[in-house]
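# Structural characterization, general
Residues per chain are reported as follows:
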Amino acid sequence: MEKTESQHRNDIIDVCKRIHANGWVAANDGNVSVRINQNTVLCTPTGFSKGYLTSDQLIKVNLDGEKIEGFLQPSSEMKMHLDVYKNKENINAVVHAHPPFSTGFAVAGIALDECIMPEIIIGLGSIPLTKFGTPSTMEIPENIRPYLKDYSVFLLQNHGALSIGGDVYQAYYRMESLELFAKINFIARLLGKVNILSENEVKKVIKIREQFGLDTENYPGCRIDGKVIKKADEAGNINFESSRDKFDKTIEYADKSRYFDKIVLTKEMLVEIITAVVKNVLNYYK
Ligand SMILES: [Zn+2]
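The structure contained in this document is the topic of the report that follows. (Residues numbered from 1 in each chain as written. Predicted model: local features only at pLDDT ≥ 70, side-chain atom pairs only at ≥ 80, totals over all residues. Heavy atoms only, no water.)

### Concerning the coordination of the zinc ion
- Here the zinc ion is held by the protein donor atoms H96 (NE2), H98 (NE2) and H159 (NE2), which lie 2.0 to 2.2 Å from it.
- Taken in sequence order, the residues that donate to the zinc ion follow the motif H-x1-H-x60-H.
- Judged by relative accessible area, H98 falls into the partly exposed class, the value being 21%. (Donors = N, O, S within 2.8 Å, 3.2 Å for Na, K, Ca; no water. Buried < 20%, exposed > 50% of the residue type's maximum accessible area, 1.4 Å probe, protein only.)

Structure representation (structure tokens):
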């Protein structure tokens, strides 16, 4: 069932409070919008903290940015939101904030585009760094536009992050995934090593993504040493058997092969068997 305008207003306020509570915005930073029909967008006002907004303070504008309803003024960054709605289908929500780890990478000029974590490869592919644009001008949307086709989350150089989605919660969760990924990446850098997955490992992850039925056309993939991996073709055989299944099969095999001189076990199976035996022995003496 389609959401009512009042539900959309409540969703925006909920997301604004989460952004504020997460520490992704200071003072009046950040903005959120939802497209409630083809030519109408509900958005946050300029000059207000996202932590204390009320649903009656939201503003309705058309895709040209003209105010249709509301007693406050729309955010000056609404140009960036409207440009997304005009240039990408099936997007009905945009979230902009300054999450500190993501923004740290944006300030350092480092895109989060390497193949590092399966969740990011499956959900987002990677996150590009878009060129700096003067706030509230068309420079920002113009710098984001080339990446719109494939990406759904963006680092804005020396500024912050932007996420887009089919609804406001999808856009919000994408921002959440970005910020956690940036934080983990930062910690790995502090520890002195960021292991990049191998091409074969990445292709297997992308294969899983394809099996989820996710869009394979508009997908950016991720990078290994400058090479972009975005398709699962030629991926090695994926063995979906859990080690538990393997263990059961091994026992079955071992049982059947009692009349043979030798059985073949992988190291993983052997460790599992020994662990189970030791646990049993320990339980016996408890
Ligand atoms: Zn901003």
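After that view of the structure, there is still more to cover.
### Some remarks on the side chain of K50
- With respect to the secondary-structure elements, K50 resides in the loop between β2 (40-43) and β3 (59-62).
- Despite its burial, K50 remains without a salt bridge, the nearest opposite charge being carried by D29 at 7.5 Å.
- Within polar-contact distance, the side chain of K50 engages the backbone oxygen of D29 at 3.4 Å.
- In this view, K50 contacts C16, K17, H20, V25, A27, N28, D29, G30, N31, T44 and P45; residues no more than four positions away in its chain are not counted. (Helix = DSSP H or I, 4+ residues; strand = E, 2+ residues; numbered from the N terminus. Lys, Arg positive; Asp, Glu negative; His and termini not counted. Salt bridge = Lys/Arg side-chain N within 4 Å of Asp/Glu carboxyl O. Polar contact = N/O pair within 3.5 Å; in protein donor to acceptor, adjacent residues only side chain to side chain. Contact = heavy atoms within 4.5 Å.)

### Focus on the pairing of β2
- A two-sided burial pattern is seen for β2, the buried positions comprising T40 and L42 on one face and V41 and C43 on the other.
- Strand direction decides the pairing type here: strand β1 (residues 31-37) and β2, joined by four bridges, are antiparallel. Among the inter-strand pairings, N37 is bridged to a residue of β2, identified as T40.
- The antiparallel hairpin formed by β1 and β2 contains two residues in its connecting segment.
- With four bridges connecting them, β2 and β3 associate as antiparallel partners. Bridge pairing links L42 to K60 in β3. (Pairing = 2+ DSSP bridges.)

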